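For reference, the chains in residue letters:
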Amino acid sequence: MKFLKTDLAPGLYFVGVPIGTARDITLRALDTLAAADLLAAEDTRSLRRLMEIHGVPLNGRKVIALHDHSGTSVQERLIGAVREGKSVAYASEAGMPLIADPGFELSRAAAEAGVMQTCAPGPSAVLTALALGGLPTDAFFFAGFLPNSKSARIAALEKLRDVPGTLVFYESPKRLGAMLRDAATALGAGRKAAMCRELTKKFEEIQRDTLEDLAETYQAQTPKGEVVVLIDRSRSESVNHLDLETDLQRALKEMSMRDAVDLVAQAHGLPRRQVYQAALALGKG
C-alpha cells in the first residue's frame, strides 16, 4: 500500500482510520495524512503509530492533540491555520471522526467560521457491528454511550423503547453486565440483542441472544476490549405474559411496587392498571 504525495487545497480534512486492523485504512486517508500541512488527532500516539506502520513520514510536522479537555483554543488554532491557507487533517483515535468523538466541536466551529471541510471516509464500529450482529439493518439508531448511573441509564433506555429500528450502543466492558441487565428491565427481557467485541481484531467475538440471557452471561464475566451492543426493535404485537412476569419480578427486586409497575408498563406499552394487577397476582403467588 503506497500513498501519493499530492497538494491539498486549504481546508479541514476529517480522516477515517481503522477501528482495529491497521491495514483497513484507505488509500485516500494515507494520501491526506501525507499531504496535510498540519495534523491533529484525538490520540496523537495512535496516529503517529498508524503513520509509522504505513510509512507516512511526519517530515517535521507536529501532531496537535484535540480531545474532550482541549478547550476552544485548539479549535481556534486549527481553523486559524485553514484561514492562513493551510490544509489541516484530523483523525479520531479509531474509526470515523465525529462519531462519539471530540471532532464534532471542531466541525461545528469550522462550519460557523465558513471554512472548507471534507472527509476521507473509513471504517466505523457502528456499521461493522450492524453487518455482523444479525439484527435488521434497514433502520437503526446510534445512541452512543449510556449514562453511568443506573437510574439515568434506565431513563435513557426507556426513551428508546419505541424507536422503529435496531438500537446501537458503545459500552465499557466493565459496565456491560449492568447495561444489559438494565436494558432487559427497560426494554423487555425477550428482546434479541448482540454483543460485538474487538471488531476487526484478533479476538473478534459476536454473541447473539436475548437481553436476559446476555445479561446473565456478562454478570458472570467481564470481557476485554471495545464493545458495541445491538438491540432489536420492539416487536411485541400482543402481551407475552411470561415476559411480563419476568420483567416484573426483576424490577420488584430493585425498586418499589409503584416504580416497578411504571417501568414495566412503559416497557411493554401496557396500561398501568393491567401491569399493577399482574404485580399483585405475583405477590399473592
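You'll find the structure just up there.
Rules used in this analysis
Residues numbered from 1 in each chain as written. Predicted model: local features only at pLDDT ≥ 70, side-chain atom pairs only at ≥ 80, totals over all residues. Heavy atoms only, no water. Pairing = 2+ DSSP bridges. Helix = DSSP H or I, 4+ residues; strand = E, 2+ residues; numbered from the N terminus. Axes fitted to C-alpha atoms, helices over the stretch in contact; angles between N-to-C directions. Contact = heavy atoms within 4.5 Å. Buried < 20%, exposed > 50% of the residue type's maximum accessible area, 1.4 Å probe, protein only. Expected span 1.5 Å × (residues − 1). Arc of directions from axis to C-beta. Salt bridge = Lys/Arg side-chain N within 4 Å of Asp/Glu carboxyl O. Core = buried A, V, L, I, M, F, W, Y, C linked by side-chain atoms within 4.5 Å. Lys, Arg positive; Asp, Glu negative; His and termini not counted. Polar contact = N/O pair within 3.5 Å; in protein donor to acceptor, adjacent residues only side chain to side chain. Parallel < 35°, antiparallel > 145°, perpendicular 65-115°, else oblique. Left-handed = near helix turned anticlockwise from the far one by under 90°. Nonpolar A, V, L, I, M, F, W, Y, C, P; charged D, E, K, R; others polar.

One open sheet holds the five strands; their spatial order is β3-β2-β4-β1-β5, and the pairing between them is parallel. Where the open sheet ends on each side, the last strands, each with one partner, are β3 (63-65) and β5 (117-120). Here the strands of the sheet are splayed against their neighbours by 25° on average, with no regard to which way each runs. Alignment of strand β1 (residues 11-15) against strand β4 (residues 87-91), held across five bridges, turns out to be parallel. The residue bridging Leu12 from the neighbouring strand is Val88, located in β4. Those strands touched by helix α2 (residues 44-53) are β2 (38-41), β3 and β4, and its axis lies near 155° from that of β3. Against the sheet, helix α4 (residues 103-113) makes contact with β1, β4 and β5, and its axis sits at roughly 155° relative to β1, the strand it touches most.

With respect to burial, β1 is a largely interior element, five of its five residues being buried. Judged from the four bridges that link them, β1 and β5 form a sheet pairing that is parallel. Paired with Phe14 across the strands is Cys119, a residue of β5.

Here helix α1 (residues 27-35) lies mainly inside the structure; seven of its nine residues are buried. Those residues of α1 that fall on the buried side of the exposure criterion are Ala29, Leu30, Asp31, Thr32, Leu33, Ala34 and Ala35.

With twelve residues, helix α3 (residues 72-83) should cover 16 Å at 1.5 Å per step; its first-to-last C-alpha distance of 16 Å lies within 8% of that length. Within the sequence span of α3, burial applies to Val74, Gln75, Leu78, Ile79, Ala81 and Val82. On an axial view of α3, the arc spanned by its buried residues comes to 150°, and they lie on one face. Of the residues in α3, the exposed ones pointing more than 90 degrees away from the buried face are Thr72, Glu76 and Arg83. Those residues of α3 that are buried lie in contact with β1, β2, β3, β4 and α4. Just past α3, the residue Gly85 takes up positive phi, approximately 95°.

Counted according to the given criterion, the structure contains 15 salt bridges. Note that Asp138 is salt-bridged to Arg233, the shortest N-O span being 2.7 Å. Of this pair, Asp138 sits in the loop between α5 (125-132) and β6 (140-145) while Arg233 sits in the loop between β10 (227-231) and α9 (241-254), placing them 95 residues apart in sequence. Its relative accessible area of 15% is what places Arg233 among the buried residues. For the salt bridge of Asp262 with Arg272, the shortest nitrogen-to-oxygen distance reads 2.5 Å. Of the two residues, Asp262 is situated in helix α10 (residues 257-268) and Arg272 in helix α11 (residues 272-284); the sequence distance between them amounts to ten residues. One network of salt bridges, in which partners are shared, links Lys150, Arg153, Arg181, Asp182 and Glu254.

Counting 24 residues, the largest nonpolar core has Phe169, Leu180, Leu187, Leu211, Val229 and Ile231 as its most contacted members. Breaking this core down by element, the ones donating at least two residues are α6 (150-159), β7 (166-171), α7 (176-187), β8 (192-197), α8 (211-220) and β10. The greatest single-element share of this core, amounting to seven residues, is contributed by α7. Among residues more than four places away in sequence, those in contact with Val229 are Leu167, Val168, Phe169, Glu171, Leu176, Met179, Leu180 and Ala194. Ranked by size, the runner-up nonpolar core spans 18 residues in total, among them Ile25, Leu50, Val56 and Ala91.

Within the fold, Arg61 resides in the loop between α2 and β3. Buried charge without a partner: Arg61 forms no salt bridge, and the closest opposite charge is Asp37, 7.1 Å away. A distance of 2.9 Å separates the side chain of Arg61 from the backbone oxygen of Pro57, its partner in a polar contact. When residues no more than four places from it in sequence are discounted, the contact partners of Arg61 are Leu33, Ala34, Ala35, Ala36, Asp37, Leu39, Met51 and Val56.

Between α6 and α7, whose axes approach to 9 Å, the crossing angle comes to 50°. As far as their axial angle goes, α7 and α6 are oblique. As α6 packs across α7, the resulting crossing turns out to be right-handed. Between α6 and α7, the residues in contact are Lys150, Arg153, Ile154, Leu157 and Glu158 and Ala178, Met179, Arg181, Asp182, Ala183, Ala186 and Leu187, respectively. Class assignment of the residues belonging to the contact of α6 with α7 gives a composition of seven nonpolar, no polar and five charged.

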